[in-house]
Amino acid sequence: MKKIAILIFIIFCSCSKNKEDQYFDSIKNNDVKLSTPVDGEWLFSHKENGQSFEQYKDSKHIIPTKDSNIIYIRPIGNFNVLQKKQIELMNEYLEIFFQLKTKTLEPISNDIVPSSARRIGNEGNEQFLAGYLLDSILKKEKPLNVIALMGLSEIDLFPKPEWNYVFGLASYREKVGVSSIYRFQDEELTSENFNLCLSRLLKTSSHEIGHMFGLHHCITANCVMNGTISLAETDKSTIRLCSVCQRKLNSCIKYDNKKRLLDLEKYFKKNTLNDGFELMKKDIDIAAIR
């Protein structure tokens, strides 16, 4: 009788798991544990405690509501045809990644940045002060039903005089960030490097907006929420959100995990982003959701 009772208890526990728990338990098998960090990697020089799912649930973070549910992109500068195409693809990707409506606003001219917030960097290129774009431009924006706003500059950024450059800067409390495509493009965006540069943009934008939704840097698995210290480390990192970080985001936004995964697979396939496509296919296969 005791063995029967134990068996019944196990069956009950298995049946009581909801579909979301089953999904996250299954894709956890595709998580890749981070290796010990070495010199030149983010975690080698940044000692972080990480964030468990329980810690995330107990934290204060933004949650979509009927009055706050749209992600906005604000281009800043003069973008060529290929760059505009990347912004379109970034818009499409973020809408799938977060399963929230995403809109691109009209570009703002670089003329809005005064000389006091510009400089010529060590490499001879013009740079904008990231804090000026954040505080004096983006924080004043109030688009309808905004939940997150990401500014995107075509000019290189610097955060303070002693720094050479920065990929981006954000105020997560105010749900505003700014990034630059300058360093993603290997000096010039071409049809040959288009997908590599697009991958960098997708990783960085989803990472930064992920922070706005309360996700900390992931320190356990290879994940798009890993901190990176260089373009080389960004290139090496995955575009996939690990199972724990997916659980966090899903607890906040309440989207359909199956739909999101299938949408991502379709996006990566359509745009021949093969690494992303293979990662989504593995999650689809192991979760048996097709």
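Residues numbered from 1 in each chain as written. Predicted model: local features only at pLDDT ≥ 70, side-chain atom pairs only at ≥ 80, totals over all residues. Heavy atoms only, no water.

Asker: So what exactly am I meant to see when it comes to unusual backbone geometry here?
Answerer: For residues that are not glycine, phi is negative in most cases, and the peptide bond is trans in most cases. One non-glycine residue, Q99, adopts positive backbone phi at about 55°. By the secondary structure assignment, Q99 is in the loop between α5 (81–98) and β2 (101–104). (Helix = DSSP H or I, 4+ residues; strand = E, 2+ residues; numbered from the N terminus.)

Asker: Explain the pairing of strand β5 (residues 146–153) here, please?
Answerer: For a regular strand, side-chain orientation follows a simple rule: the groups alternate between the two sheet faces. Within β5, 7 of the 8 residues are buried, which leaves it mostly tucked inside the rest of the structure. Strand direction decides the pairing type here: strand β1 (residues 70–76) and β5, joined by 7 bridges, are parallel. Bridging from a neighbouring strand, I73 pairs with M150 of β5. (Buried < 20%, exposed > 50% of the residue type's maximum accessible area, 1.4 Å probe, protein only. Pairing = 2+ DSSP bridges.)

Asker: Looking at this model, I keep getting lost on the nonpolar core. Mind explaining?
Answerer: Side chains of nonpolar character tend, in soluble globular proteins, to be buried together. Ranked by internal contacts, the top residues of the largest apolar core, which has 58 residues, are F98, I209, F213, L241, L249, Y267 and F268. Breaking this core down by element, the ones donating at least two residues are α2 (19–27), β1, α5, β5, α7 (194–212), α9 (243–253), α10 (257–270) and α11 (274–287). Considering every element that reaches this core, the biggest residue donor is α5, with 8 residues. Membership of the second largest hydrophobic core comes to 19 residues, among which are I76, F128, L134 and L157. (Core = buried A, V, L, I, M, F, W, Y, C linked by side-chain atoms within 4.5 Å.)

Asker: I'm lost on α7 in this one. Help?
Answerer: Three- or four-residue spacings in an α-helix give side chains the same orientation, since the helix completes a turn every 3.6 residues. Its 19 residues give α7 an end-to-end C-alpha distance of 27 Å, which sits within 8% of 27 Å, the value for a rise of 1.5 Å per residue. Burial runs high along α7: 17 of the 19 residues are buried. One or two residues past the end of α7 sits G214, with phi positive at roughly 95°. (Expected span 1.5 Å × (residues − 1).)

Asker: Quick question: what am I supposed to make of the sheet that holds strand β8 (residues 176–180) here?
Answerer: The strands making up a sheet associate through hydrogen bonds between their backbones, and the pairing can be parallel or antiparallel. A sheet is described by the order of its strands in space; here 5 strands give the open sequence β2-β1-β5-β8-β7, paired in mixed fashion. Two strands bound the open sheet, and with one partner strand each, they are β2 and β7 (168–171). Strand-to-strand twist in this sheet, taken as the mean axis angle between neighbours without regard to direction, amounts to 15°. Bridge analysis of β5 against β8 gives 5 bridges, and the strand direction is parallel. Among the inter-strand pairings, L152 is bridged to a residue of β8, identified as S179. Most of the contacts of α7 go to β5, to which it runs at about 145°, and overall it touches β1, β5, β7 and β8. (Axes fitted to C-alpha atoms, helices over the stretch in contact; angles between N-to-C directions. Contact = heavy atoms within 4.5 Å.)

Asker: What is the right way to look at the packing of α2 against α9 in this model?
Answerer: The packing of two helices is summarised by the inter-axis angle and the distance between the axes. It is at 9 Å that the axes of α2 and α9 come closest, and there the two elements cross at 155°. The angle between the axes of α2 and α9 places the two elements in the roughly antiparallel class. Facing E20, D21, Y23, F24, D25 and I27 of α2, the residues of α9 in contact are S243, Q246, R247 and N250. Residue classes in the contact of α2 with α9 are distributed as 3 nonpolar, 3 polar and 4 charged. (Parallel < 35°, antiparallel > 145°, perpendicular 65-115°, else oblique. Nonpolar A, V, L, I, M, F, W, Y, C, P; charged D, E, K, R; others polar.)

Asker: Which parts of the structure should I look at to understand the sheet that holds strand β3 (residues 118–120)?
Answerer: Read from one edge of the open sheet, 3 strands run β3-β4-β6, paired in mixed fashion. Looking at which strands have only one partner, the edges of the open sheet turn out to be β3 and β6 (156–158). Between one strand and the next, the sheet's axes are offset by a mean angle of 40°, whatever the strand orientation. The strands touched by helix α6 (residues 130–137) are β4 (126–129) and β6; relative to β4, the strand with the most contacts, the crossing angle is about 45°.

Asker: Help me out: how do you make sense of the packing of aromatic side chains in this one?
Answerer: Where two aromatic rings form a pair, the distance of their centres and the angle of their planes describe that pair. Enumeration according to the criterion identifies 9 aromatic pairs in this entry. Their ring planes at 40° and their centres at 5.7 Å tell us that Y93 and F97 sit as a pair that is tilted. You can see Y93 and its partner F97 sitting in helix α5, 4 residues apart, about one turn around the helix. Residue classification places Y93 among the buried positions, given a relative accessible area of 1%. Ring centres of F97 and F98 lie 4.8 Å apart, and the angle between their planes is 65°; this geometry places the pair in the edge-to-face category. A network of ring pairs unites the aromatic residues Y93, F97, F98, F213, Y267 and F268 as a single cluster. Here R247 stacks its cationic end above the ring of F53, 5.6 Å away from the centre of that ring. (Phe/Tyr/Trp six-rings, centres within 6.5 Å; stacked < 30°, edge-to-face > 60°. Lys NZ or Arg CZ within 6 Å of the ring centre and 35° of its normal.)

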